[in-house]
Amino acid sequence: MTDPSAELLEKWCGPVVEPDALTAGKARDFAAFLAVRDDVGASLIEVRQSGERSWVVVEFELDVGQLPVVDIARRELVALGFTVGDTEWPTALIIRDDFPPNLPHTFLTAPGDPSILCLSEEPWDEAKRRWSPNLLVRTVRHWFNATAKGELHTADQPLEPFVVASAHQAILPPNYVELCATTPARLYGYGIEGTPVVRFFGSKPEGLKNHPGFTAVHFVLPTQTHGFIRHSARTAADLLALFSVEGFDFKAKLGEALRGWLADPSLRETRPVVIVSIPTARLAGEEAERTDTRLFMLAVTVRELGVSLDIWSAITDDKGRIIEGATLGPLNPTFDGSNVPVMLWSTLTDITREAAARFNGYEAQTGLGLLVVGAGALGSQVVGNLVRMGETVTGVADQDLLLPHNLARHGCYSDQGVGVSKSKIVASQTNDFLNAPAETAAFDVNVLRPSGDDAEAYQAAIAKADVILDLAASVAVSRSLAIDNPATGRRAAAFLSPSGHDLVVLVEDAGRSVRLDELEMAYYAAVVSDPALEGHLNAAGHVRYGQSCRDLSGQIEQVHVAINAGIAAKSLRAALTQDAPVAKVWRTDPTTLEVRAIEIDPRSMKRFEVGGWTILVRPGLLEAIWERRDERLPDETGGVLLGDFDTSRKLIYLVDALETPADSKEDRGSFIRGSYGLPDAVAEAGSKTQQMLRYAGEWHSHPTGYGVLPSVDDVGLYGYMAAQMAVEGYPPIMLIAGDNEFSLIVENQRIPLERLGGQ
């Protein structure tokens, strides 16, 4: 070993000791391994102890190739330093005074000091699970061999940071660049107790008293070329040296900012904060691939820094009062800043909707403003998911109060919300998440009959909303929003089945040609006819939470609410980014938690006006009837129509047709509908849909060549139907299927329909 190497080792690694004297256990293990192995490409030279760090000096035999692109020798001497607490990667100190400086994956050291290798980007707490002496040998040898060949930093590997990161985190407001562009930039901050985190704000947070705050400046360096990692600045002198790069006079720019701060008496007792953004390119002349931002907090006041730089004077009179004057002359050329401590903070910015969208894997937000109706178990959690996905919820409407039993499934995590309206709780949580008060408004209203203090604001908000999202799980609310409310925003709805295992999502098309109530009817048709939805709306158990007869709450596991709230948020966002309507059911197996998706035909219903009623006919119903007619030709056939009557709005929905009863009489000249099993079939359809579908009328076919005009028998049947339906206040409905058309007879008026068309 040469004398220069010995001196270097003595200075950095302490005196030579016996292996048993090493205090770090991994150092002893490493030395013992090398002492008995001569086949791993590394030879033990000696061991040393310096304070709390144990050093193992090793000569590595390397494969650098015939023409190394970097001056790596075939044998390199390295001192590997281990900490007693095993808290970090071993320090890899190069014992060679002519080792190439400023290589990638090395740490910045002072001029004349040895180079230190960055052995891995993996945190030591993760890497040490797999640590072994031989693995450390291979890691160091790989560093040298790959560096010699120019292969250590691959083209797809992230660039090294310009300045080493800090364990201390400064969370900046999202608009800190704009704030720092003002003169002066005032920031307020406080530390999070028990953590190395400080949060900064553009305005003084409530509860932060008697704190002068910080005055900040933001600099953007010219693009730097990727290379070695620079250590943190511990003093202002380090700061000046670190950022005095070509084309950027850091000291002059800091002095210019300081002059502006000193001109404002309210800033002189604030602490100066320097925020530096460093764009870094892979090669000189290329565009920057990454930009790291670091915050440096100076341990002096603005006044004290001004005095140090000789651009401000502060003299104490005989009574201890400060007499100050603005010299504001040239910067003190002898100021080196070595007496001004500096603390480095890595930076993060507070969450924004744009950032939340990116973190969720979306390139951008949808840009839609959502007004949500319903803030119960599902609604509160869907809103929370959508906001975390970057979506804008402009308002939440719900008059219900949060009661103790709601906490079992509600998105509110604190019993402090008990007794408060659910809309206010959800809106408050949304605003707290974004650190943006009043972004989401709370409307404590009954949306069916808005009144009170919030009514006017609610009506204005719903009129402006891009999307009106119904999460109230109420047919009355859904119909009101879809039909009665004049707002132009697109409607969407999501609700759970009674068991909570299934989720239904209905979304109108962008032009609202397929209304939410039409999608609701398509959903009921699927519930009746699709075997995949068997038992979907079966009733679940209830728990009584109060003494009133209505004080019942469904027994639904929070797990299923959470699962379906996630599916709802994702599917709603996806649907709202396209123009087409969506109707879909997700069913979760309560045992395996396997989820199946079932598509529902979302086509627009055919609409007709007659006798003061509006009749809406599902296209799938016409197709099914036509198919049954074709199957039974040349005989006539027929059956019962299922649908719904909304007498308050004079709406009739024709949704589905039951199978022809087995005792029906079908021949070429007539059809007499039987009744075997029919009452049970109608009751079953009602039960499957929670009584949303009922008997709505009759249909039958005419044979080929006979058209669709009602026959004498048809007229007689219609009169009988009218007498029966009059009891319920509903008009009789008859549908006749012919060769290429249908006739819909309502209130003794015949409406011709094309085979699969309408008006």
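Here is a short report on the structure shown in this document. In this text, all values refer to a predicted model and were calculated from it rather than measured experimentally. (Residues numbered from 1 in each chain as written. Predicted model: local features only at pLDDT ≥ 70, side-chain atom pairs only at ≥ 80, totals over all residues. Heavy atoms only, no water.)

## Quick notes on the overall build of the chain
Let me state the cut-off plainly: We count a stretch as a helix when DSSP gives it H or I for four or more residues in a row; a strand needs E for two or more, and each element gets its number in order from the N terminus. With the radius of gyration taken over C-alpha atoms, the globule rule is written as 2.2 Å times the number of residues to the power 0.38. We call a residue buried when its accessible area falls under 20% of the maximum for its residue type, exposed when it is over 50%, and partly exposed in between, using a 1.4 Å probe and counting protein chains only. Whether two residues are in contact is decided by their heavy atoms: any pair within 4.5 Å suffices. Note that accessible areas follow from Shrake-Rupley with a 1.4 Å probe, and for residues the cover is restricted to the protein chains shown. The convention is simple: Lys and Arg are positive, Asp and Glu are negative, and His and the chain ends are not counted. We put the charge of a Lys on NZ, of an Arg on CZ, of an Asp on CG and of a Glu on CD.
The helix and strand inventory of the chain stands at 18 helices and 36 strands. Computed over its C-alpha atoms, the radius of gyration of the chain comes to 38 Å, more than 25% above the 27 Å expected for a compact globule of 759 residues. For the chain, with 759 residues in total, the buried portion stands at 50%. Of all intrachain contacts in the chain linking residues separated by at least 6 positions in sequence, the fraction that spans at least 24 positions is 66%. Accessible surface, the chain as shown: approximately 35,600 Å² in total, 50% of it carbon and sulfur. In the chain, 68 positive and 101 negative side-chain charges are present, and the distance between their average locations comes to 2 Å.

## Some thoughts on the nonpolar core
To keep things clear, this is the line we draw: Among the buried residues, those of types Ala, Val, Leu, Ile, Met, Phe, Trp, Tyr and Cys that are joined through side-chain atoms within 4.5 Å form a nonpolar core.
With 37 residues, the main nonpolar core has Val56, Leu80 and Phe144 as its most contacted residues. If you list the elements that add at least two residues to this core, you get α2 (25–36), β1 (42–50), β2 (53–61), β3 (75–83), β4 (91–94), α3 (124–127) and α4 (133–148). In contact with Val56, not counting residues within four places along its chain, are Leu22, Ala27, Phe30, Ala31, Leu34, Leu44, Glu46, Val47, Val78, Ala79, Leu80 and Phe82.

## Overview of the sheet that holds strand β17 (residues 369–373)
So the rule is basically this: Paired strands, in this sense, are two strands between which DSSP finds at least two bridges. Axis geometry follows a simple rule: fit a line to the C-alpha atoms, using only the stretch in contact for helices, then measure angles between N-to-C directions, giving values from 0 to 180 degrees.
Taken in spatial order, the eight strands make up an open sheet running β19-β18-β17-β20-β21-β22-β25-β26, and their pairing is mixed. Either end of the sheet is taken by a strand with one partner, and the two such strands are β19 (441–443) and β26 (595–599). Strand-to-strand twist across the sheet, computed as the mean angle between neighbouring axes with direction ignored, equals 20°. In terms of strand pairing, β17 meets strand β18 (residues 392–397) through five bridges, oriented parallel. Within β18, the position partnered with Gly369 by the bridge is Thr392. Against the sheet, helix α10 (residues 377–388) touches β17, β18, β20 (467–470), β21 (490–496) and β22 (502–507), its axis set at about 125° to β21. Sitting on the sheet, helix α13 (residues 475–484) touches β17, β20 and β21, and the angle it makes with β20 is about 165°.

## So, the pattern of salt bridges
Keep this limit in mind: What makes a salt bridge here is a side-chain nitrogen of Lys or Arg within 4 Å of a carboxyl oxygen of Asp or Glu, nothing more.
Tallied over the entire structure, the rule returns 38 salt bridges. In this structure, the salt-bridge partner of Arg130 is Glu122, at a minimum N-O distance of 2.7 Å. The exposure class assigned to Arg130 is partly exposed, which follows from its relative accessible area of 43%. By relative accessible area, which is 26% here, Glu122 ends up partly exposed. For Arg353, the salt bridge identified is with Glu439, shortest N-O distance 2.9 Å. With Arg353 in helix α9 (residues 353–359) and Glu439 in the loop between α11 (422–434) and β19, this pair connects stretches of sequence that are 86 residues apart. Take Glu439: its relative accessible area is 37%, and that puts it in the partly exposed class. Through salt bridges with shared partners, one network takes in Arg479, Asp484, Glu520, Asp644, Asp646, Arg649 and Arg694.

## A few points about the pairing of strand β35 (residues 741–746)
Of all six residues in β35, five are buried, a share of seventy percent or more. Judged from the five bridges that link them, strand β34 (residues 733–737) and β35 form a sheet pairing that is antiparallel. Bridge pairing in β35 links Ile733 to Val746.

## A look at the side chain of Thr347
Looking at the secondary structure, you find Thr347 in strand β16 (residues 342–349). Classification of Thr347 by relative accessible area gives buried; the value is 18%. Residue contacts for Thr347: discarding those within four places in its chain leaves Gln169, Ala170, Leu172, Thr293, Arg294 and Leu295.

## A closer look at the packing of aromatic side chains
Just so we agree on the cut-off: Ring pairs are drawn from Phe, Tyr and Trp, using the six-membered ring of Trp, whenever the two centres fall within 6.5 Å, and their geometry is named by plane angle: stacked under 30 degrees, edge-to-face over 60, tilted for the rest.
Taken as a whole and assessed by the stated rule, the structure comprises 18 aromatic pairs. Between the aromatic rings of Phe99 and Phe144, the centroid separation amounts to 6.4 Å while the plane-to-plane angle is 80°, which identifies the pairing as edge-to-face. Here Phe99, found in the loop between β4 and β5 (106–107), pairs with Phe144, found in helix α4; they are 45 residues apart in sequence, far enough to count as distant. A single burial state applies to Phe99 and to Phe144, both of which are buried. Arranged with centres 5.8 Å apart and planes meeting at 65°, the rings of Trp626 and Phe742 form a pair that is edge-to-face. Of this pair, Trp626 sits in helix α16 (residues 619–632) while Phe742 sits in strand β35, and the two are 116 residues apart along the sequence. Given a relative accessible area of 5%, Trp626 falls into the buried group.

## Looking at helix α17 (residues 678–688)
Spelled out, the test is: What the arc covers is the set of directions going from the helix axis to the C-beta atoms.
Those residues of α17 that sit buried are Leu678, Val682, Ala685 and Gly686. The buried residues of α17 occupy an angular sector of 100° when the element is viewed end-on, so they sit on one face. The inward-facing, buried residues of α17 contact α14 (516–529), β29 (638–646) and β33 (694–701). Positioned one or two residues after α17, Gln690 has a phi angle of 55°, which is positive.

## Looking at the packing of α10 against helix α15 (residues 558–576)
Put simply, the test is: In what follows, roughly perpendicular refers to angles from 65 to 115 degrees, roughly parallel to angles under 35, roughly antiparallel to angles over 145, and oblique to any angle outside these ranges. By the definition used in this description, the sense in which the near helix is turned from the far one sets the handedness, with an anticlockwise turn below a right angle giving left-handed and a clockwise turn giving right-handed.
Interaxial distance between α10 and α15 falls to 8 Å at its minimum, and their mutual angle equals 50°. Between α10 and α15, the interaxial angle falls into the category oblique. The two elements α10 and α15 cross, and the hand of that crossing is right-handed. Facing α10, whose interface residues are Ala377, Leu378, Gln381, Val382, Asn385 and Leu386, α15 presents Gln558, Val561, Ala562, Asn564, Ala565, Gly566, Ala568, Ala569 and Leu572.

## Quick notes on α16
How we decide: Working rule for helices: expected span equals 1.5 Å times residues minus one.
Taking 1.5 Å of rise per residue, 14 residues should cover 20 Å, and α16 covers 20 Å from first to last C-alpha, within 8% of that figure. Here α16 has its buried residues at Pro619, Gly620, Leu621, Leu622, Ile625, Trp626, Arg628 and Arg629.

## Description of the packing of α2 against α4
How we decide: Polar here means any residue outside two lists: the nonpolar Ala, Val, Leu, Ile, Met, Phe, Trp, Tyr, Cys and Pro, and the charged Asp, Glu, Lys and Arg; Gly therefore counts as polar.
The N-to-C vectors of α2 and α4 enclose an angle of 80°; their axes lie 9 Å apart at closest approach. Between α2 and α4, the angle is such that the two are roughly perpendicular. From α2, Asp29, Phe30, Phe33 and Leu34 reach across to α4, where they touch Pro133, Asn134, Leu136 and Val137. Tallied by class, residues from the contact of α2 with α4 come to six nonpolar, one polar and one charged.

## Overview of the environment of Thr301
Of note, Thr301 is situated in the loop between β13 (290–298) and α8 (302–308). Overall, Thr301 belongs to the buried group, its relative accessible area being 13%. Those residues in contact with Thr301 that lie beyond four places of it in its chain are Arg268, Glu269, Thr270 and Pro272.

## Some points on the sheet that holds β5
Spatial strand order, β1-β2-β3-β4-β6-β5: six strands in an open sheet with antiparallel pairing. Every interior strand has two partners, whereas the edge strands, β1 and β5, have only one. Sheet topology note: the β1/β2 ladder contains eight bridges and is antiparallel. Bridge assignment links Ser43 to a residue of β2, and that residue is Glu59. Lying on the sheet, α2 is in contact with β1, β2 and β3; it crosses β2 at an angle near 30°. Set on the sheet, α4 makes contact with β1, β2, β3, β4, β5 and β6 (116–117); between it and β3 the angle comes to about 135°.

## A few points about the pairing of strand β9 (residues 197–201)
Direction of pairing for strand β7 (residues 169–172) relative to β9: parallel, over a ladder of three bridges. Paired with Ile171 across the strands is Arg199, a residue of β9. When strand β8 (residues 185–191) meets β9, the two strands line up antiparallel, connected through four bridges. Bridged to Gly189 within β9 is Phe200.

Everything listed is a geometric property; what it means functionally is a separate question.
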